[in-house]
There are 2 protein chains.
Amino acid sequence: MSADTVPRTRPRERILETARDLFHRSGIRAVGVEAIAEAAGTNKMTLYRHFGSKDDLIAECLRDVGRQTMAVWRDLEERYPADKRAQLHGWIEEAATCVVADGRGCDLANAAVELTEPNHPARRIVEDFKTDHRNHLVELCRAAGIERAELLADTLCLLLEGARVSRQSVGRNGPSAKFPDMAHAVIAAFVRPG
Amino acid sequence: MSADTVPRTRPRERILETARDLFHRSGIRAVGVEAIAEAAGTNKMTLYRHFGSKDDLIAECLRDVGRQTMAVWRDLEERYPADKRAQLHGWIEEAATCVVADGRGCDLANAAVELTEPNHPARRIVEDFKTDHRNHLVELCRAAGIERAELLADTLCLLLEGARVSRQSVGRNGPSAKFPDMAHAVIAAFVRPG
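Reading the values: rules and limits
Residues numbered from 1 in each chain as written. Chains lettered and ligands numbered in written order. Predicted model: local features only at pLDDT ≥ 70, side-chain atom pairs only at ≥ 80, totals over all residues. Domains from an automatic or database assignment. Contact = placed C-beta atoms within 7 Å. Nonpolar A, V, L, I, M, F, W, Y, C, P; charged D, E, K, R; others polar. Helix = DSSP H or I, 4+ residues; strand = E, 2+ residues; numbered from the N terminus. Expected span 1.5 Å × (residues − 1). Buried ≥ 20, exposed ≤ 12 C-beta atoms within 10 Å, placed from the backbone. Least-squares fit on C-alpha atoms with pLDDT ≥ 70 in both. Core = buried A, V, L, I, M, F, W, Y, C linked by C-beta atoms within 7 Å. Axes fitted to C-alpha atoms, helices over the stretch in contact; angles between N-to-C directions. Parallel < 35°, antiparallel > 145°, perpendicular 65-115°, else oblique. Left-handed = near helix turned anticlockwise from the far one by under 90°.

1. Quick word on the domain arrangement of chain A
Put simply, an interface is often sized by how much accessible area is lost when its parts join up. Residues and elements named next belong to chain A. By the assigned domains, chain A splits into domain 1 (1-52) and domain 2 (58-191). The C-alpha-based centres of domain 1 and domain 2 are spaced at 27 Å. Each partner contributes residues to the interface: domain 1 has 10 residues there, and domain 2 has 10 residues. Its residues assigned to classes, the side of domain 1 that touches domain 2 comprises 5 nonpolar, 2 polar and 3 charged.

2. Some words on the interface of chain A and chain B
Facing the 39 residues of chain A at the interface are 39 residues of chain B. Among the secondary structure elements, those contributing two or more residues to the side of chain A that touches chain B are α1 (11-26), α6 (107-114), α7 (121-143), α8 (149-170) and α9 (179-191) of chain A. Take the side of chain A that touches chain B: its biggest share by element is 15 residues, from α8(A). For the side of chain A that touches chain B, the residue count by class is 18 nonpolar, 11 polar and 10 charged.

3. Quick word on α1(A)
All names here are of chain A. Relative to the 22 Å expected for 16 residues at 1.5 Å per residue, α1 spans 22 Å between its end C-alpha atoms, a close match to the ideal helical length. Turning to α1, its buried residues number three or more, namely Arg 14, Ile 15, Leu 16, Thr 18, Ala 19, Arg 20, Leu 22 and Phe 23. Along its buried surface, α1 packs onto α2 (33-39), α3 (44-50), α4 (54-79) and α6.

4. Considering the relation of the copies chain A and chain B
Between chain A and chain B, the superposition needs a rotation of 180° and an axial shift of 0.0 Å, giving an RMSD of 0.0 Å. These values place the two chain copies in the arrangement generated by a two-fold rotation axis. The rotation axis passes nearest to the C-alpha of A:Gly162 in chain A, at a distance of 1.8 Å. A shared binding surface is used by both copies, with 100% of the interface residues of chain A retained as interface residues in chain B.

5. A short note on the environment of A:Arg67
Checked against the element boundaries, A:Arg67 lands in helix α4. Placed 62 residues apart in sequence, A:Arg67 and A:Phe129 show a C-alpha to C-alpha distance of 8.9 Å.

6. With respect to α6(A)
In terms of burial, α6(A) is a largely internal element, 8 of the 8 residues being buried. Those residues of α6(A) not exposed but buried are A:Asp107, A:Leu108, A:Ala109, A:Asn110, A:Ala111, A:Ala112, A:Val113 and A:Glu114.

7. Focus: the nonpolar core
The biggest cluster of nonpolar side chains holds 60 residues, and the ones touching the most others in it are A:Leu62 and B:Leu62. Not counting the four nearest positions on each side in its chain, A:Leu62 is found in contact with A:Asp107, A:Leu108, A:Ala111, A:Ala122, A:Ile125 and A:Val126. Within the second largest apolar cluster, 42 residues are counted, among which are A:Trp91, A:Leu160, B:Ala163 and B:Ala183.

8. What to know about the packing of α4(A) against helix α5 (residues 84-101) of chain A
Residue and element names in this part refer to chain A. Contact geometry of α4 with α5 gives a least axis separation of 10 Å together with a crossing angle of 130°. Taken together, the axes of α4 and α5 are oblique relative to one another. Both α4 and α5 take part in a crossing whose hand is right-handed. Counting all contacts with α4, which are made through Val 72, Leu 76, Glu 77 and Arg 79, the residues of α5 involved are Gln 87, Gly 90, Trp 91 and Glu 94. Here the contact of α4 with α5 is built from residues that sort into 3 nonpolar, 2 polar and 3 charged.

Structure below.
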């Protein structure tokens, strides 16, 4: 991304979008604020005026990723109103598309790998998002009338986390390619009374 | 780790062990060669004499992790000779212990998250290890007489990758705590003719 491709957005949005893109592609530690400011067509002083520190900018990027991901739940509810089983399978399709399309995996999980300091502000954002996301999936499984809803939701969460990390390690033709098959097989297995 | 705790090992081994420990705890990008040399009770010149560059040292650390992990297969064969099903369940126990005990997850998967350059020498090591590990698990599932051995092995691989990454994001009480239950449930589901 360069300044001339996003000429009309405001500096704050431009910095945020640029940082998200660079962190996503290259990793959080590999990218400095100088490079972000330059790619956003601004300067470090402006960056620090909008985001007090690199850590604050990281935190805001991760909140933004979280908001975008949680919006998927609302879209699924609108697309399949009152059909919880269809929402669940729709979620698998959405997740599978992400796994294939994006070789860099989940920005939130990646942040937890990179930011090892126990008190880094990003860690709390990651933990809260992952917990909310998991709880939403538990509710959906329960509303879909599935036995052992918690175990199924946790299994689907780990399969997706695993698919996204495997996609990074061995590419799109590795085990992650079978994520939808696995997810459907696991749902089928858990639908039977355990 | 400090020099006086490992006084009798040779510099190369000391540097390698120290680097593995620091990379594991703090991340690869967060640790510089200066800090590794100092913690190993030596200096940068000695480090570079044994390992041409930080990238070479990273690569050797990852090869070392891979060798150690693959040794688990041999241990399982010795512990449960000719009982493939017991080896498979033994592998799950070993993996579950790792998930709980180690909040930093798999060094090889973490390296793929951190080292985003497509030609980084570490990426090939990670890919080869993950592929070998997956193939070994496929063979074990097949030898254990399980239907859909490839899909089961891939599912177990992703569950474990997911557990190790989830353990980093939300801690030991999150979905990763159920890894053994999930793995056993999935095996039970796949044992039934599909």
